[in-house]
Amino acid sequence: MTSALRSSPLPMGATSSNRDRCTWPTFSLAMACVRRVRPAQSRVRGLDGARCPSLHATNGVQGYRYLVPIASIPRPLGIDIHRGTWHGAARAQHARRLRIRWKTAWRRHLAWLLDPRARAFPSGRGRCSEGGVETGLVHVHRRHSARMRRTSRAPSPRACSPPKASKPSTDAFGRAMPKQEVGATRFERGNQGRDVRIAIFDSGVDPSAHGLRFTSNGSVKVVDVIDCTGSGDVDTSQVVRLDAEGTLWSARGRALSVHPAWTNPSAEWHVGTKRMYELFTSSTVSRVKAKRKERWEHVHRDTWVHAKRALVEAKKSDAMAKEDVRKRVKELEARLHVLQEGAEKHVDLGPVLDVVCWHDGDHWRVALEIDDACERTDEEGKTKLKEFAPMADYHVEHDARQFTSLDACTYCIHVYDDGNVVSIVTDSSAHGTHVAGIAAAYHEDTPSMNGVAPAAEIVSCKIGDSRLQGMETGVGLTRAAIAAIHAKADLINMSYGEAAHTPNVGRFVDIAEELVWKHNITFVSSAGNEGPALTTVGAPGGTSTAILGVGAWVSADLAKVGHSVRELPPLLDRKDGGLQYTWSSRGPTTDGDVGVDISAPGGAIAPVPQWSLEKRMLMNGTSMSSPCCCGAIALLLSALKEEGVSASPARIKRVIQATAKALGEGAPDAVLSSGSGLIDIPAAFEYAMKEEKSEFCAKDAWFKVQVARADGGTPARGIYLRDPAVAFRENDFLVKVVPHVHEEADHLQHRIPLELKLEMKCKEPWVSFPDYLLLTHGGRSFSVRVDPTKLGEGLHYTEIQGFDPHTTGPVFKIPVTVTVPSIPMEGQGTRIQYSDVPMQAGLVERRFIAVPDGATRAEVTLKTGNNDTSRTYILHIADSKPGKRHTDTSKRHFLTLSPNDSKVFSHAVYPGTTLECTIAQFWGSLGDSSVELEVQFHSLQCSSKSVVIYGSSDMARVELRTPLLPQELKPDLKLQKLRIPLKPFSHTLEPTKGERDLLPQGKRIYFLLLEYKLKLDVAGKVTPTLPTINNYVYDGIFEAQMYMVFDTNKRLLAVGDIYPDPVKLTKGTYIIRLMLRHDNPELLEKYKDHVLICERELDEPIPLKCFSRAGNLVTDADELKSAKMFRGEHRSLFIAAPSKDKLPKDAAPGTSLVGKGTWTKLTHNGGTSTPDHCDLTYVVPVKPESEAEKESFDELEKKTLDQQLEESLQNATIKFVKEAKLETEEEKEQFLSHVTTMLDKYPENINILSSILNKLVEVGYFEDNWNKIITVCDSIIHSIDTDELAKYFGTKSTDEGAENTKKKKDMEEKKKALVDAHFQKAAAYMERDMHEEFEGSFSKLREWEDTEELKFCILHAKREILAENYGLAIKTLNKVIEMPDEPAKKELYQLRQECYEKLNWDHMVCQESSTILDRFPKNYPLF
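Conventions we followed
Sequence order sets the numbering: in each chain, residues are counted from 1 along the sequence as written. Under the rules for a predicted model, residues below a pLDDT of 70 receive no local features and side-chain atom pairs below 80 are neither given nor counted, while totals for whole chains, interfaces and linings still include all residues. Each side-chain value is worked out from all heavy atoms of the structure, with water and hydrogens disregarded. Comment: elements are numbered from the N terminus, with helices defined as DSSP H or I runs of at least four residues and strands as E runs of at least two. What makes two residues a contact is simply this: any of their non-hydrogen atoms within 4.5 Å. A 1.4 Å probe and the Shrake-Rupley method give the accessible areas. Residues count as covered only by the protein chains that appear here. Burial classification: accessible surface area is computed with a 1.4 Å probe over protein chains only, and a residue below 20% of its type maximum counts as buried, one above 50% as exposed, and the rest as partly exposed. Strands are labelled as partners when DSSP assigns at least two bridges between them. For Phe, Tyr and Trp, rings pair up if their centres lie within 6.5 Å, where Trp contributes its six-membered ring, and each pair is then called stacked (planes under 30 degrees apart), edge-to-face (over 60) or tilted (otherwise). For a Lys NZ or an Arg CZ to count as sitting over a ring, it must be within 6 Å of the ring centre and within 35 degrees of the ring normal. Put simply, a salt bridge is a Lys or Arg side-chain nitrogen that is within 4 Å of an Asp or Glu carboxyl oxygen.

A closer look at the overall build of the protein
Okay, step 1: The secondary structure content of the protein amounts to 29 helices and 64 strands.
Okay, step 2: Excluding contacts between residues fewer than 6 apart, the proportion of contacts in the protein whose partners are at least 24 apart in sequence is 75%.
Okay, step 3: Put simply, the protein shows about 61,500 Å² of open surface, and 49% of that area lies on carbon and sulfur atoms.

This is the structure in structure tokens:
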């Protein structure tokens, strides 16, 4: 089960063992013909231009090899061929030309195969074996050697004959792929899962991975590979046509050459781009970056050496004047500085894929071009796209390839939305391939390493989003469900999940129920890796009725071979042959369901993707037990299909549970840990066949059990008495059982005849219920009484089961779980202790303690005895509260403790509940030991868990109480974040497009797109949050939620979803786009104005002071830092608001500061901050009127009416100029005529002249406008007394009076206007290449400002470029580009790239081109 928590880089509970390392050759390109070549020429280039293995047939007599056309090799040749093909008319013509050549080559090849004497290899490329030729040659089996194809197209893989059967292997490592534990090796029916299709909802499956290429009957193993998340989507909505020269221009303006044989009847080509690193896993990116960095640094060093040599020669030069030498040396030193800085700050953004998509009349085709080193161009300057063999949707031709030999990353293609979206499918981790291998891998050479159902087919549905480090998304889950229906899957395996607030509810649960009950797809999922405490099963596997939740069990063989333990724990030698993994999640759910339905081996050495550079590795977790169980069910389904027996999900679940091998040897937690037991397929098949022949009338029905307390409460699926209030009295329940059949079932044949005469049974006397129940389609209700009053302390579990006389297993079950807690006896007070608890590897000990009234925390101490060595333990402290995730109320500690060692932990508790303290010695930690557990309850109650301080009141009052024990009061209150509320500035509600978002029965999914603008005045880490809908995955109301953060250039900075992560942002403006999805547009409509809360972490937390008396807030005296509180004491505290100078400058009115406060701290070893805390909120008040605003109002009152009118007219003129819309030529002409009028009326009004100048520059430098710009600049310059200005700024004034402040403001405005005038005048002269005039204006500008600053740097850099000082120009541009406040303009990067081109630094040119593409995308990326 893969954890959704980002802190875990690997799937939850997964480990890896680096065993057999091997890189398997793949084939990216098809050969156009068969030709004779010398051995040295027998390799073709892959997509990256590197040499890769080709496919050979060898003539042993002459010593030549014949390149066999890959698309023509029959599939049974025993090798995975990822083929490119010719299409349309070109394909037919190619086939005709090929037939004669193919016959000749094939006959020679057959002669070589049939003549042992000819099997010599002059070039030493391989050696002969009985079955065929080894690595480097096609593995041709004798019984297929006479087969010939008369076409150049590859045959359908499903039509091929199976490969030759291999002898059973005695390989001991086969026991690391557990099959015999579930009865697969004993099951001789079902043809190894033939005719069964398994949809793998996971991180993606590599179809070229070892063991996942073919089934045991010769057909393709992975029949479809789909990226359901959208993380590999490429926007190809831009449509282009070939120009007059036959050139195709890519989405980013590159000239592409297409192959003349590519058929495109519409002549429309869809183009787009994608960064390859977005398709890779983090480990692949690291490996590729390291290799690319070596190559880049080699070129960069050579460039630096040439620049250094030029500098040395320049310093020795006698041919130039000293001043020229000085300038030349300065320029060359700048170049060296640029190169040095470039090496230090080099960022590899990775290769870019140019994507081209078109329809050839039959299928959508896709071609890819990797833009890596700017070198893949032909003599005409066009890229070599035409060398790529076009790909179709994977399900059409099963074409899978690798990008380059360096990354070894397998990818496939899908096209959606009529060519507007191309999905490049890669996996987001090795997890999915490993899972698929457990379920259905087939190894012809090593059958012992086969998966459980080697003949089953796989449909890969990627739900782990690569943008979120493999986290599942709602979009991925919904699309995967749709894909499973379209693919006609029989089974779904999902080894993903996490904790849920409420079991068996939510959008995805509704979808899962439709998959199972309506479409008859058996859904298998992992129960979770959050054990060993109770009620830790995760969603959806452990919490959903429709889904079969699987726990993880380890056998002796798996422990020895897979985990390589030095000796077996004693518990593994007991009669059931294994034990539940210590970390496997346990039931029941909070609503009483058992949680774990079945168990299977939870570890395996299985295949992994090629990018891992390994064939297989060890992983363990319920992620592994789920596919093991799923593969076993595939065997059962295959056998039942062969017998013509229906196999509904309800029947499958019932028969495997009825026949499972019981585990746990009758322990109270056995069923809650392992469900019905270990799945046993031979027994399940026998049971199903026997039941099929019986008169049982509900073979395919499922039974909904609903339990409600007689005295009220929330309906549940079982009985769970956990808390003291219900554990020490009788409890009455009303149970309703309703049988359900398929919604399309005939009333007369299935509903009316459904009548069950059930006998009710339960093994425990403390449960009362009716003995008999007549159950019909309408359902029945009955009462149940549970009397735990006579039960001893600890866990008690039983089931009420209904049995039909025509079948042996129970028809339905009602789980009953009771925990009777320990209550501290008289004299113990709030402390309880368990001494000398014996432990051994794999043993789990549970203790349940009633939380006293008033308690707020428990201090739990675990001590080890006088053990011989260190041991590894799990201390799991858990509470359970409805509506809360178990991860919110429990904490699991992994400890390695030495003899006589101890650890102490604090845990928040809730009065009136039962606290579970579970101790487990890790199953792999060998040897006996003993421990002591001590629990001490404490209390420091606060009157409010959420303290709000309103800025207008300046304080908040709280009351503290210590009802249990004396406590030391040490307030620690801090505000840590600024909350900024944002309202959307736009919203869009639309239906989605394409089949992948079309629910069954034609119901369309809608999406709501909200856009927010965030303006940051202070840099920091910002987290966008939606408090009402965050943290809900499987139990959420929306199908999906995702946000993206962009700068103003549309550059993507962060992606987040239900678990928002902080993103580091600099000062500036950002756009946040939020997407919500649901099939109900009315629900989405309600959220169109939803407020987004952005939380910025403060650089330094703001401490809050506490006082015992309100009066002390005024005097700021006697701050309370610590105090003793006696038992039962009540005390009032006053929390002061932070002083105004402590507030961050972006804390505007309406925002709030939030943080946490704690009231005491632990001082013993192992201690952490106490759970006794409160949430703090400070609401920022409205700012008072400033002195400047008061003075402005006073000045307005002093002006005459004529002065006020004139000022209003001037302000209106300025507003008109700023807001004028000049979109047409007519509007521009009218505006220029108004400019003449305004210049005549206000010849010396600097404010109006400046606004006119800004608008003219905005319009552009066309002829009439250029003249106006020069005129306005001259007007501004002449209207300002520069001598007075220079004199003012040349002297330092100490007068801070109102009159001097006013003069300072006036002078600063004049200086700004003067500088702008010189700047725009110089820029206008530069635009016209009037270099002499430019130098004059530029020199005037430099008198007032540093021209290397942000505003003037482009002009400064252009001046350096004119002087061929490219190094100095780059140095100036770098200075401005690296300024953190706002993203730099595109023109800066383009100028820098121009300089690199002038210097012939090609590697820097390519890097800059990649940077520009990254920082200035044309459009927002797809969600």
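Comments concerning the pairing of strand β13 (residues 352-359)
Okay, step 1: For β13, a buried count of seven out of eight residues is recorded, marking the element as mostly surrounded by other parts of the structure.
Okay, step 2: The pairing of strand β12 (residues 269-275) with β13 spans six bridges and is antiparallel. Bridge pairing links Gly-272 to Val-355 in β13.

Re the packing of aromatic side chains
Okay, step 1: Within this structure, the stated rule accounts for 20 aromatic pairs.
Okay, step 2: On the basis of an interplanar angle of 85° and a centroid distance of 4.9 Å, the ring pair of Phe-1038 and Tyr-1087 is categorised as edge-to-face. Of the two residues, Phe-1038 is situated in the loop between β54 (1020-1025) and β55 (1040-1047) and Tyr-1087 in the loop between α16 (1081-1085) and β59 (1092-1103); the sequence distance between them amounts to 49 residues.
Okay, step 3: Exposure remark for Tyr-1087: the relative accessible area of 16% places this residue in the buried category.
Okay, step 4: One aromatic cluster in this structure is built from Phe-201, Phe-508, Phe-523 and Tyr-1034.
Okay, step 5: We note Arg-401 situated over the ring of Phe-388; from NZ or CZ to the ring centre the distance is 4.8 Å.
Okay, step 6: Lying over the aromatic face of Tyr-1420, Lys-1050 brings its terminal NZ or CZ to 5.3 Å of the ring centre.

Thoughts on the pattern of salt bridges
Okay, step 1: With the rule as written, the count across this model stands at 68 salt bridges.
Okay, step 2: One salt bridge in this structure joins Lys-345 and Glu-1378, with 3.0 Å as the shortest N-O distance. Of this pair, Lys-345 sits in the loop between α3 (322-344) and β13 while Glu-1378 sits in the loop between α27 (1366-1377) and α28 (1386-1399), and the two are 1033 residues apart along the sequence.
Okay, step 3: Given a relative accessible area of 45%, Lys-345 falls into the partly exposed group.
Okay, step 4: Taken together, the shared-partner salt bridges connect Arg-252, Arg-254, Asp-354 and Asp-371 into one network.

Digging into unusual backbone geometry
Okay, step 1: Here the residue pair Gly-531 and Pro-532 is connected by a cis peptide bond, since its omega of 15° sits within 30 degrees of zero.
Okay, step 2: Looking at the secondary structure, you find Pro-532 in the loop between β22 (522-526) and β23 (548-555).
Okay, step 3: For the peptide bond that leads from Gly-587 to Pro-588, omega is -5°, which places it in the cis range.
Okay, step 4: Structurally, the position occupied by Pro-588 is in the loop between β24 (578-580) and β25 (598-601).
Okay, step 5: Here Gln-192, not a glycine, exhibits a phi torsion of approximately 60°, which is positive.

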